[in-house]
Amino acid sequence: MSKKQKQNAEAEKKKRTPLTKEAKLNILKKSAMVLLGCIIYSFGVAAFLDPTGMAAGGVTGISILISNATGGVIGTAWLILIINVPLFIIGYFCIGKMFALTSLLVVGLSSALMELWGLVVPYMQSVSSIIAALVGGALFGGGLGLVFRTGSSTGGTDVLTKLLRKKFRYIKTGIFSVMIDFIIVMAAFIVYRDLELMLNTIISLVVFSAMFNRVLYGGNSAMIVQVVTTPDRAQPICDGLLKDLDVGATVIDGKGAYSGADKVIVMCVIKNYVYPRLRDVIKKYDDRAFIIVSSALEIYGEGYKDQNAAEL
């Protein structure tokens, strides 16, 4: 059997392999997160941003701008679908079939929900524009962040962002989004010529960006803790981390530069909320330990992000 035939046989076997319980649960969790994200995002747009004409960035902002500028001849939800079509085609060929299809499903669901909110939620004309900017921006960013955490997107400028991220991997998604959104806000000001509306739109974008990045990256942020201790106390500290916190650690041998004494560095990565308990464990076994704490924006490995996950 040739190498190519072996590869095809292995691929076919993999296709026939039934999903494990864990894999099914993971798919269910991601689907629930996408649904929740779509609900939050669509409500923020339909109830707060669209009624006030705030072009809050992305294809959504462009659609709000066109819909309000033309007197609502075509609804925002429909414009989102129409504008996304060519971008889906680009995404299909440049990013991947799965990305394009999942984005299409997300956009279709979000647009349908916007139409639904338009029927069951009265337009927020009684709400001040500043409240609409704050609440709408928070819901928009939070919902979009949830969708992005699953590796999906709401299409639109997200496709452009993904393409830019492929070339400039050191720049975060949120930065690209803000750059694109700034251009859209400037376009909205040229069309509306309303300074107050533009300032409120900028406020909504700031809130959107903060919430988007918080939801997208917040769950992956952690703390790196390095504990410099003596060899006889290193193992009790490691045992305490495993027993009390269920946290693993890496042990590194060292030597004091001044004293020349043998040292051991216990290094571990923890969630932010676990840090106070970790301090208690360290003090219990070595109250004179030297502790170095730093922030980690992203962690890949067991208990954190999958190495094969799409970059955000």
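Residue numbers run consecutively from 1 along every chain, following the written order of its sequence. Selection of residues for local features in this predicted model requires a pLDDT of at least 70, selection of side-chain atom pairs for listing and counting requires 80 or more, and totals for whole chains, interfaces and linings are taken over all residues. Hydrogens are left out, water is left out, and the side-chain values use all remaining heavy atoms of the structure.

Visitor: Help me understand the overall build of the protein in this model?
Guide: Numbering of helices and strands runs from the N terminus; a helix is a DSSP stretch of H or I covering at least four residues, while a strand is a stretch of E covering at least two. Helix and strand counts for the protein stand at 11 helices and four strands. Residue contacts are defined here by distance: any two heavy atoms, one from each residue, within 4.5 Å place the two residues in contact. In the protein, once contacts between residues fewer than 6 apart in sequence are set aside, the share between residues at least 24 apart is 74%.

Visitor: Explanation requested: empty space enclosed by the protein in the structure shown.
Guide: The pocket and cavity definitions rest on a 1 Å grid over protein atoms only: a 1.4 Å probe that fits but cannot leave marks a cavity, an open set with protein on both sides within 12 Å along at least five of seven lines marks a pocket, and residues lining either have an atom within 4 Å of a point. Grid points are joined across faces, edges and corners, and a volume is the space filled by probe spheres set on the points. If you walk through the whole model with that rule in mind, you get three cavities of 30 Å³ or more. Counted as a void, the largest cavity has a volume near 180 Å³. Lining the largest cavity are 22 residues, with Gly58, Leu144, Thr154, Thr157 and Asp158 sitting closest to its centre. Only helix H3 (58-69), helix H6 (129-149), helix H7 (157-167), helix H8 (173-192) and helix H9 (195-218) provide two or more residues apiece to the lining of the largest cavity. At four residues, the largest contribution of residues to the lining of the largest cavity is made by H8.

Visitor: Honestly, the pattern of salt bridges in this entry has me stumped. Any pointers?
Guide: What makes a salt bridge here is a side-chain nitrogen of Lys or Arg within 4 Å of a carboxyl oxygen of Asp or Glu, nothing more. Under the definition given, this model contains two salt bridges. Ionic pairing is found between arginine 233 and aspartate 286, a salt bridge with its closest N-O pair at 3.1 Å. Remark: aspartate 286 occurs in the loop between helix H11 (275-285) and strand S4 (290-296) and arginine 233 occurs in helix H10 (residues 231-245); sequence separation between them is 53 residues. For arginine 233, a relative accessible area of 34% gives the class partly exposed. Each residue gets one of three labels from its accessible area relative to the maximum for its type: buried under 20%, exposed over 50%, partly exposed in between, using a 1.4 Å probe on protein chains only. A residue is classified by how much of its surface remains accessible, and aspartate 286, at 6% relative accessible area, is buried. Of the charged contacts, one joins aspartate 262 and lysine 255 as a salt bridge, the two residues approaching to 3.1 Å between their closest N and O atoms.

Visitor: Any chance you could explain the environment of leucine 35 here in plain terms?
Guide: Positionally, leucine 35 belongs in helix H2 (residues 21-52). Since its relative accessible area comes to 41%, leucine 35 is described here as partly exposed. For the pair leucine 35 and valine 106, spaced 71 residues apart in sequence, the C-alpha separation works out to 8.3 Å.

Visitor: Explanation requested: the packing of H2 against H3 in the structure shown.
Guide: Packed helix pairs are characterised by how far apart their axes lie and by the angle those axes make with each other. Two numbers describe how H2 lies on H3: the axes approach to 12 Å, and their chain directions differ by 35 degrees. H3 is crossed by H2, and the crossing has right-handed handedness. Seen from H2, the contacting residues are Tyr41, Val45, Leu49 and Asp50; seen from H3, they are Thr60, Ile64 and Asn68. Inter-axis angles, ranging from 0 to 180 degrees, are taken between N-to-C directions of lines fitted to C-alpha atoms, where helices are fitted over the stretch in contact. Throughout, a crossing is termed right-handed when the near helix is turned clockwise from the far one, and left-handed when it is turned anticlockwise from it by less than a right angle.

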